[in-house]
Amino acid sequence: MFDVIRIPAFKDNYIWLLRKGAAAAVVDPGDAQPVLEVLEREHLSLTAILVTHHHADHQGGVSRLLAHYRAEVFGPAVESITGRTTPVRGGDRVRIPFCDIEFQVLDVPGHTLGHVAYYGAGCLFCGDTLFGAGCGRLFEGTATQMADSLARLAALPDQTAVYCAHEYTQANLRFALAVEPGNRCLRSRAEAVSLARDEGLPTIPSTIALEKASNPFLRCGEPEVVASARRRVPGAKDAVAVFAALRAWKDGF
Ligand SMILES: [Zn+2]
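Residues numbered from 1 in each chain as written. Predicted model: local features only at pLDDT ≥ 70, side-chain atom pairs only at ≥ 80, totals over all residues. Heavy atoms only, no water.

### Points about the packing of aromatic side chains
Within this structure, the stated rule accounts for ten aromatic pairs. Here the aromatic rings of F125 and Y163 are separated by 5.0 Å at their centres, their planes lie at 20°, and the arrangement is stacked. With F125 in strand 10 (residues 123–127) and Y163 in strand 13 (residues 161–164), the pair connects residues that are 38 residues apart, well separated along the chain. The burial state of F125 is the same as that of Y163; both residues are buried. When the centroid spacing of 5.2 Å and the interplanar angle of 80° are considered together, the rings of F175 and W249 count as edge-to-face. Of this pair, F175 sits in helix 5 (residues 169–179) while W249 sits in helix 9 (residues 239–251), and the two are 74 residues apart along the sequence. Three or more aromatic residues link up through ring pairs in this structure, and these residues are F2, Y14, W16, F103, F125 and Y163. The cationic tip of R6 hangs over the ring face of Y14; the distance from NZ or CZ to the ring centre is 5.7 Å. (Phe/Tyr/Trp six-rings, centres within 6.5 Å; stacked < 30°, edge-to-face > 60°. Helix = DSSP H or I, 4+ residues; strand = E, 2+ residues; numbered from the N terminus. Buried < 20%, exposed > 50% of the residue type's maximum accessible area, 1.4 Å probe, protein only. Lys NZ or Arg CZ within 6 Å of the ring centre and 35° of its normal.)

### Remarks on the coordination of the zinc ion
On the protein side, the zinc ion has H53 (NE2), H55 (ND1), H111 (NE2) and D128 (OD) as donor atoms, found 2.2 to 2.3 Å from it. Its four donor atoms give the zinc ion angles of 90 to 169° at the centre, a pattern that matches the irregular case. Between the donor residues of the zinc ion, the gaps in sequence give the motif H-x1-H-x55-H-x16-D. Accessibility expressed as a relative area gives 18% for H55, which makes it buried. (Donors = N, O, S within 2.8 Å, 3.2 Å for Na, K, Ca; no water. Tetrahedral: all angles 85-135°; square planar, octahedral: opposite > 155°, others 65-115°.)

Shape descriptors only; they carry no functional weight alone.
As structure tokens, this is what we get:
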């Protein structure tokens, strides 16, 4: 097993550092400086970089990290990823050098067309696809693609720890409560998150079980979610249409 260290970056990004012995891997290093500081402080050698998608806040630090460490760079095959040494696709298994960690690559298009997630050892690194109580915006893909991607993630074991790339949970919960005010699990999550954020604590990782119970984007078949979506888009008849209605509503929320 490995330790996961949270490295805050920019305004609300998280870069995840995986440590096993003296070796480390990072997921989505949008900025190199905070990663370099942790590597130095903890006396770690960076052996791998995993990138979920091409946005700058997920890979902007790669070239500077490569100037300091010779690391293997995993990234989606169909996107432009700086310094990528190993293109990955859904179904691939990737081994992190010197760390004895293996991940399964999942295709999760929607936020971008080539977006991938890395799943292994009970951990999911899902970039900007699934967030705490929310999901990524549809910059490149369709609602159908994103709904399928989220369904793939929701099918992972309940106890899977969800390491997404942004601390958006509190704002997402405000929207979730507007969609599904009758969900008791959602209300208690909102209270817990509010207390955590008041103390400056992170709300990530969450779990697949918690997301399934309180994330409206994973609950597009629930009667209250469907009814709320149909008040916005009366013709939203199936789960994908409900998802699309929620996504558009959230974009303007
Ligand atoms: Zn992104």
